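# Coordinate inspection notes
Okay, here's what each chain looks like letter by letter:
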Number of protein chains: 2
Amino acid sequence: MSNNTKIAVRTASSTYEVEIGSDLLPHIGARVDSLLNGGLCAGKQRVFVVTSPEIWKLHGERLASGFPSAPVLLSVPAGEQHKRLATVERLAEEMAQHGADRDSVLLAFGGGVIGDMTGFLAAMYMRGIRYVQVPTTLLAQVDSSIGGKTGVNLAAGKNLAGAFHHPLAVYADTSILSTLPPAELRAGLQESVKAGIIRDRALFDFLDTESAAVLRGDRDALTRVVADSVRVKADVVSADERELGLRMILNLGHTLGHAIEAATQYKQLLHGEAIAWGMIAATGIAAHRNLITADEAAQIERVVRAYGPLRSFTANATELVALTAKDKKNRSGARSFVLPLGIGDATVVRDVSEAELLEAAEAMMSEVNSLQVTA
Amino acid sequence: MSNNTKIAVRTASSTYEVEIGSDLLPHIGARVDSLLNGGLCAGKQRVFVVTSPEIWKLHGERLASGFPSAPVLLSVPAGEQHKRLATVERLAEEMAQHGADRDSVLLAFGGGVIGDMTGFLAAMYMRGIRYVQVPTTLLAQVDSSIGGKTGVNLAAGKNLAGAFHHPLAVYADTSILSTLPPAELRAGLQESVKAGIIRDRALFDFLDTESAAVLRGDRDALTRVVADSVRVKADVVSADERELGLRMILNLGHTLGHAIEAATQYKQLLHGEAIAWGMIAATGIAAHRNLITADEAAQIERVVRAYGPLRSFTANATELVALTAKDKKNRSGARSFVLPLGIGDATVVRDVSEAELLEAAEAMMSEVNSLQVTA
Ligand SMILES: NC(=O)c1ccc[n+]([C@@H]2O[C@H](COP(=O)([O-])OP(=O)(O)OC[C@H]3O[C@@H](n4cnc5c(N)ncnc54)[C@H](O)[C@@H]3O)[C@@H](O)[C@H]2O)c1
Ligand SMILES: NC(=O)c1ccc[n+]([C@@H]2O[C@H](COP(=O)([O-])OP(=O)(O)OC[C@H]3O[C@@H](n4cnc5c(N)ncnc54)[C@H](O)[C@@H]3O)[C@@H](O)[C@H]2O)c1
Ligand SMILES: [Zn+2]
Ligand SMILES: [Zn+2]
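Residues numbered from 1 in each chain as written. Chains lettered and ligands numbered in written order. Predicted model: local features only at pLDDT ≥ 70, side-chain atom pairs only at ≥ 80, totals over all residues. Heavy atoms only, no water.

### A word on the packing of aromatic side chains
Remark: the centre distance and the inter-plane angle together describe each pair of aromatic rings, the angle taken between the planes. Filter applied, for reference: Think of it this way: a Phe, Tyr or Trp ring, Trp meaning its six-membered ring, pairs with another when their centres are within 6.5 Å, and the plane angle makes it stacked under 30 degrees, edge-to-face over 60, tilted otherwise. A run of H or I in DSSP becomes a helix once it reaches four residues, and a run of E becomes a strand once it reaches two; helices and strands are each numbered from the N terminus. To sort residues, take the accessible area from a 1.4 Å probe on protein chains only and compare it with the maximum for the residue type: under 20% means buried, over 50% means exposed, and anything in between is partly exposed. We count a charge as sitting over a ring when the NZ of a lysine or the CZ of an arginine lies within 6 Å of the ring centre and within 35 degrees of the ring normal.
Across all of its chains, the model carries four aromatic pairs over all chains by this definition. Taken together, a centroid distance of 6.0 Å and an interplanar angle of 85° make the contact between W56(B) and F109(B) edge-to-face. In this pair, W56(B) is assigned in helix 2 (residues 53-64) and F109(B) in strand 5 (residues 105-110), connecting sequence segments 53 residues apart. For W56(B), a relative accessible area of 22% puts it in the partly exposed group. Take F109(B): its relative accessible area is 0%, and that puts it in the buried class. Ring centres of W277(B) and F313(B) lie 6.1 Å apart, and the angle between their planes is 75°; this geometry places the pair in the edge-to-face category. Of the two residues, W277(B) is situated in helix 11 (residues 271-288) and F313(B) in the loop between helix 12 (294-306) and helix 13 (317-324); the sequence distance between them amounts to 36 residues. Here W277(B) and F313(B) have matching classes, each one buried. One residue, R224(A), lies across the ring of F206(A), its end atom 4.3 Å from the ring centre.

As structure tokens, then:
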């Protein structure tokens, strides 16, 4: 416990800590209690845990054991298709029936889907109550639980409804990741690779040299990777809470990655697998522009692939380029694009042309198509 | 136009103006255009108007005529029963289908129901876009359009889901009120009476001496009343954006008023009619405590009744007192209650006992019951 890492997120609207460790779960109850009641167990401020039956079955007892009095459980089925306003409304009705008031506190215990929904539920319930994130996937630990972006999907698109609402605290216990399907772990680790590329060469090098330990789920290796990845996201969010500038660099690989996800109706690749392709394409564009050396570009490709395999999908290059024009992050028509400038450094540009994009997408699709043939 | 009144709302999170006049409607388009584009008609930032068919039929043309390019219309049926997440979601889907992006702007054109829903839609669409309020009921002009409280009802209770999200500007044209059902006008004016009691003796006196002109809908009289009422709300909200202290005084008459509304399932009285009873009861409690002189208490009763008639409803005193314990504004059990200290001054107390409340509720119900007998 003593060597847990604590990283602060400091924004204009709030400051909170992300704690990372490999045996945190049984201690979260006491931590939340002391955040709320100064450790007096006054217990007036009730805790509502949002989770799915699968996650609760695997890890619920260890979480629950740490609470001075049992929290109320609110259950949602696993799966992105439930990340909708109707689910959030149903949870809000249940909270009201349990007498939740403005002093009540939500705790998100799950992956990014549960974290995003719980954060939005907290943002809207009685116009805003407090919440805590206990992320249980690698992606949620290094990315979605930090930064205050919450929300749900519309039929018209992902994450189109939501709010900025920061948690009181984030507790990331890497031991929870042991039950994660290996493909989810690997895909999530692409966000760590991304963090290394854009801001942290030491993290990148660790991911490079220690990939075997990390992929095997070695606790110390994973805990270090999570902590370093969290630090990158926390720093970027602290500098740019509302995604007006710097925060855009977190989108390395995401412009084409989102296009791939949209083209395949989010059904063929995991998010991290799609952005892996996107990162390789972005690195290709940067290399063509001579913004990055051939050597560093090759290192990036190697590490991205180490956390693969990059899986094939069905799309064509023209369609992908057209989809990038619809990116939610575009404003008044200008497409923003993140390019690596080296390992540990990236920039946002707005002048990537259709032709450049198409060339990159075509190069990507020719590899994708060769994979399909051999598969 | 030159004698329109402009009142600023200044909060930590934003500053904006409320403009009040009696011929504002045809000029709102140009004002919004200049707010958005510096008057250049650049028109990149699209405007989406949320309204109901009835309101649009009555006043839509005058609003639309002022826009350099036609706004997109989003229609919702009139009525509190539609103030739900499902309506907001449907509007969000329509916006997305029309290609609304982060630079798009919503305009609420209707009463408090449409204003609250549109504000919440703006708060959540892509995690927050801008919006403008064009309130069309007296209640919306003097109360709901100002202060940034937005939201919808749950089955479990009114306004239980929402957000604080301030508009870019509020435009209150009192000429729109000419088509309002007289009962809606009178009920709304109880919020102005409330504003006078808690903060503005001159407004109170004007409402007292000029009640005939105000109730007849005289434009100058109404415009003055709206402007003065807006000033009270704007000042209170500016001092206490998040309803942590001072803003509670806006709840004069609302503790019992909300209990009456809940006891009658929101079906027997308009909101303003319920708070009229609540203001008389609160004044009675203050008089019993010798916090207010008998003379001032009598003046308050007289003016509240001038904007009546106070209508009867079906409830009993014990039930009403029990319902006040459920008030959303209570925290950790303590019931807050606003008492007038005189005309133009009020305070929030937390020590109103059940016995005091019951006595006041019983006095109220004995008048209510006598009304039922004579009705
Ligand atoms: N808010 C943000 O800033 C942000 C950033 C990135 C992604 N996201 C969102 O995050 C979501 C994706 O999150 P995700 O990848 O965590 O997906 P997820 O929440 O759907 O979890 C993936 C799967 O793993 C299961 N699971 C979770 N924890 C487990 C564990 N410890 N052991 C075994 N199984 C476990 C889940 O039940 C689910 O089936 C998307 O909706 C995305 O939009 C949000
Ligand atoms: N956000 C806040 O701070 C706040 C404060 C007070 C009340 N509210 C909310 O406001 C709502 C009540 O608002 P309301 O009283 O305006 O009710 P409303 O919006 O339902 O309007 C009342 C009726 O008048 C009609 N109408 C509106 N303008 C008209 C016009 N110019 N001519 C003819 N008919 C017209 C409407 O169609 C409706 O039938 C409630 O939902 C309440 O919760 C919010
Ligand atoms: Zn991502
Ligand atoms: Zn009111």
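### Remarks on helix 7 (residues 201-209) of chain B
Residues and elements named next belong to chain B. What counts, and what does not: Our arc is simply the arc of the directions from the helix axis toward the C-beta atoms. Contacts are assigned to residue pairs with any non-hydrogen atoms lying within 4.5 Å of each other. Pairing of N or O atoms within 3.5 Å defines a polar contact, subject to two protein rules: one partner must be a possible hydrogen donor and the other a possible acceptor, and residues neighboring in sequence count only if both atoms are side-chain atoms.
Within helix 7, the full set of buried residues consists of L203, F204, F206 and L207. Down the axis of helix 7, the sector holding all buried residues measures 160°, keeping them to one side. Check the buried side of helix 7 and you find it contacts helix 6 (182-199), helix 8 (211-216), helix 9 (219-239) and helix 12. For helix 7, the capping residue at the N-terminal end is D200, with a side-chain oxygen 3.1 Å from the backbone nitrogen of A202.

### Some details on the site of ligand 1
Residues and elements named next belong to chain A. Stated precisely, the cut-off is as follows: Consider each residue's heavy atoms; a residue with any of them within 4 Å of a molecule or strand counts as near. Each residue is assigned to one class: nonpolar for Ala, Val, Leu, Ile, Met, Phe, Trp, Tyr, Cys and Pro, charged for Asp, Glu, Lys and Arg, and polar for all the others, Gly among them.
The full set close to ligand 1 counts 23 residues, and K83, G112, T136, T137 and T179 are the nearest of them. With respect to ligand 1, the side chain of E80 contributes an N or O atom lying 2.8 Å from an oxygen atom. T136 has a polar side-chain atom sitting 2.7 Å from a nitrogen atom of ligand 1. Elements supplying a minimum of two residues to the shell around ligand 1: helix 2 (53-64), helix 4 (112-124), helix 5 (138-144) and strand 8 (157-164). Residue classes in the shell around ligand 1 are distributed as seven nonpolar, eight polar and eight charged.

### With respect to the site of ligand 2
Residue and element names in this part refer to chain B. The test is simple: Method for areas: the Shrake-Rupley scheme with a 1.4 Å probe, in which residue coverage is limited to the protein chains shown.
Within the structure, ligand 2 sits among 23 residues, and E80, K83, G112, T137 and T179 are positioned closest to it. Interatomic distance of 2.6 Å between a side-chain N/O atom of T179 and a nitrogen atom of ligand 2. Protein burial of ligand 2: of its 860 Å² of free accessible surface, 82% is covered by the chains. For the shell around ligand 2, the per-class residue count stands at seven nonpolar, eight polar and eight charged.

### Looking at the sheet that holds strand 6 (residues 130-135) of chain A
All names here are of chain A. Put simply, the rule is: Two strands make a pair as long as DSSP finds a minimum of two bridges between them. Working convention: axes come from line fits to C-alpha atoms, limited for helices to the stretch in contact. Angles between N-to-C directions cover 0 to 180 degrees.
In space, the seven strands of this open sheet follow the order 1-2-9-6-5-3-4, with mixed pairing throughout. What marks the edges here is a single partner per strand, and that holds for strand 1 (5-10) and strand 4 (72-75). Averaged over all neighbouring strand pairs, the angle between strand axes comes to 20°, with direction disregarded. Taken strand by strand, helix 3 (residues 85-97) contacts strand 3 (47-51), strand 4 and strand 5 (105-110), and its axis lies near 160° from that of strand 4. Strands strand 1, strand 2 (15-21) and strand 9 (169-173) of the sheet are contacted by helix 9 (residues 219-239), whose axis makes an angle of about 15° with strand 1.

### Examining the coordination of the zinc ion (ligand 3)
All names here are of chain A. The condition that has to hold: As a rule, N, O and S atoms within 2.8 Å of a metal are its donors, except that Na, K and Ca use 3.2 Å; water is not among the atoms, so sites may look incomplete.
All of the protein donors around the zinc ion (ligand 3) are E191 (OE), H254 (NE2) and H271 (NE2); their distances to the metal are 2.0 to 2.1 Å. Summarised as a motif, the one-chain spacing of the donors to the zinc ion (ligand 3) is E-x62-H-x16-H. You can see H254 sitting in helix 10 (residues 254-263) and its partner H271 sitting in helix 11 (residues 271-288), a full 17 residues away along the chain. By relative accessible area, which is 6% here, H254 ends up buried. Using a relative accessible area of 22% as the deciding quantity, one classes H271 as partly exposed.

### What to know about the coordination of the zinc ion (ligand 4)
Protein coordination at the zinc ion (ligand 4) comes from E191(B) (OE), H254(B) (NE2) and H271(B) (NE2), with a distance range of 1.9 to 2.1 Å. In primary-sequence terms, the residues that donate to the zinc ion (ligand 4) follow E-x62-H-x16-H.

### Observations concerning the pairing of strand 7 (residues 149-154) of chain A
Residue and element names in this part refer to chain A. Judged by how many residues are buried, strand 7 sits mostly within the fold: six of six residues are covered. Pairing between strand 7 and strand 8: five bridges, direction antiparallel. When the bridges of strand 8 are listed, G151 appears paired with G162. Linkage of strand 7 to strand 8, two consecutive antiparallel strands, is achieved through a turn of two residues.

### Describing the domain arrangement of chain A
Residues and elements named next belong to chain A. Our working rule: The source of the domain bounds is an automatic or database domain assignment. What counts as buried area is the accessible surface, traced by a 1.4 Å probe, that two parts surrender upon association, with contributions from both included. Counted as salt bridges are all cases of a side-chain nitrogen of Lys or Arg within 4 Å of a carboxyl oxygen of Asp or Glu.
Segmentation of chain A into domains returns domain 1 (5-179) and domain 2 (183-374). On a C-alpha basis, the centres of domain 1 and domain 2 stand 27 Å from each other. With 29 residues of domain 1 in contact, the opposing surface of domain 2 contributes 26 residues. Across the domain 1 to domain 2 interface the summed buried area is about 2400 Å²; carbon plus sulfur atoms make up 65%. If you sort the residues of domain 1 by the area they bury against domain 2, L138, V142 and F164 come out on top, with a joint share of 23%. In this assembly, domain 1 and domain 2 are joined by one salt bridge. A salt bridge links D143 to K233, with the shortest nitrogen-to-oxygen separation between them at 2.6 Å.

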